[in-house]
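# Observations on the three-dimensional arrangement
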Amino acid sequence: ALSSTIKMLMGAFEFEAMYDYAPWSATVWFWLFLFTMVFLLLKLFTSVLVYHFSKFRKIVGPTDTIFTDTWDGIRDLLWRCEWRKDNIMDWDFMNSLANPYADLMEGLAEKAKITEEMSEMMESNVLGIRMARSRQDARSLNGLKDDLQE
């Protein structure tokens, strides 16, 4: 029975033999087994995702909720539409197709005089600056502990 259920999970099973023996119970058993296994495997997959998300969340720290992000996205979309409309009204068609934030990160990085490591992390992913700041804070706390022990 165990080998039959494992075969059924892998997609290689003999449903016809079960159906010939007891058609009604074989059909009910097959569908119940299939739905049960799908839900169990989905629950396992979800638990792995939530575990890794919580681990990553501890590294990154608190972030905005999905509703805040959605509202900010809508406001940004409206601002971009207004910006593009203003460029079109000024007969600057090529600029209206450009990204309004194209040089923002580089300009902010120059003004803040960030380190090379922070710059690389900023270019690698969205949370790069936040992760670099977290590492910098951890290093300064470890250095402070060493200074206090001396």
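What this report covers is the structure whose coordinates are included nearby. (Residues numbered from 1 in each chain as written. Predicted model: local features only at pLDDT ≥ 70, side-chain atom pairs only at ≥ 80, totals over all residues. Heavy atoms only, no water.)

This brings us to the overall build of the protein. Looking only at helices and strands, the protein features eight helices and zero strands. Overall, the protein shows an N-to-C arrangement of helices and strands of α-α-α-α-α-α-α-α. Projected onto its principal axes, the C-alpha coordinates of the protein cover approximately 75 × 65 × 25 Å. The burial tally for the protein puts 11% of its 150 residues in the buried class. The long-range fraction of contacts in the protein, counting pairs at least 24 apart against all pairs at least 6 apart in sequence, stands at 24%. Within the structure as shown, the protein displays about 12,900 Å² of accessible surface, and the carbon and sulfur contribution to it stands at 65%. With 16 positive and 22 negative side-chain charges, the protein shows a spacing of 6 Å between the two charge centroids. (Helix = DSSP H or I, 4+ residues; strand = E, 2+ residues; numbered from the N terminus. Buried < 20%, exposed > 50% of the residue type's maximum accessible area, 1.4 Å probe, protein only. Contact = heavy atoms within 4.5 Å. Areas by Shrake-Rupley, 256 points an atom, 1.4 Å probe, with all protein chains shown as cover. Lys, Arg positive; Asp, Glu negative; His and termini not counted. Charge placed at Lys NZ, Arg CZ, Asp CG, Glu CD.)

Right, let's talk about helix H3 (residues 23-60) for a bit. Over its 38 residues, H3 runs 55 Å from end to end, which matches the ideal 56 Å to within 8%, given 1.5 Å per residue. Inspection of H3 places Ala26, Phe30, Phe33 and Val60 among the buried residues, and these make up the whole buried set. Gly61 sits one or two residues past H3 and shows a positive phi near 100°. (Expected span 1.5 Å × (residues − 1).)

Looking now at the packing of aromatic side chains. Evaluated as defined, the whole model comprises five aromatic pairs. Ring geometry for Trp91 versus Phe93: centroids 5.6 Å apart, planes at 90°, classification edge-to-face. The class for Trp91 is exposed, based on a relative accessible area of 68%. Clustering of aromatic rings is evident, with ring pairs tying together Phe30, Trp31 and Phe35. (Phe/Tyr/Trp six-rings, centres within 6.5 Å; stacked < 30°, edge-to-face > 60°.)

It is worth spelling out a nonpolar patch on the surface at this point. A surface patch of nonpolar side chains, amounting to about 720 Å² of accessible area, comprises Leu2, Ile6, Leu9, Met10, Leu41, Leu44 and Val48. At four residues, the largest contribution of residues to the nonpolar patch is made by helix H1 (residues 2-10). Along the chain, Val48 falls in helix H3. According to the relative accessible area criterion, Val48 is partly exposed, its value standing at 41%. (Patch = residues over 30% accessible without salt bridge, like charges linked within 9 Å, V, L, I, M, F, W, Y side chains within 5 Å. Salt bridge = Lys/Arg side-chain N within 4 Å of Asp/Glu carboxyl O.)

Let us now look at the layout of surface pockets. What the largest pocket holds in volume is close to 260 Å³. Looking at the largest pocket, the residues that line it are Met105, Leu108, Ala109, Ala112, Ile114, Met118, Met122, Asn125, Val126, Gly128, Ile129 and Arg133. Mapped onto the lining of the largest pocket, the elements with two or more residues apiece are helix H6 (104-112), helix H7 (116-124) and helix H8 (128-149). No other element matches H6, which puts four residues into the lining of the largest pocket. Of the residues in the lining of the largest pocket, the class split is nine nonpolar, two polar and one charged. (1 Å grid on protein atoms, 1.4 Å probe; cavity = no way out; pocket = protein on both sides within 12 Å on 5 of 7 lines; lining within 4 Å. Points joined across faces, edges and corners; volume = space filled by probe spheres on them. Nonpolar A, V, L, I, M, F, W, Y, C, P; charged D, E, K, R; others polar.)

In this structure, Asn87 sits in helix H4 (residues 66-89). Asn87 sits in the buried class, given a relative accessible area of 10%. Not counting residues up to four positions away in its chain, the partners in contact with Asn87 are Asp92, Asn95 and Ser96.

For Trp91, which is not glycine, the phi dihedral falls at a positive 60°. Within the element layout of this structure, Trp91 appears in the loop between H4 and helix H5 (93-96). Residue Lys113 is not a glycine yet carries a positive backbone phi of 55°. Residue position: Lys113 is located in the loop between H6 and H7.

Read these as layout, nothing more, since geometry by itself doesn't imply function.
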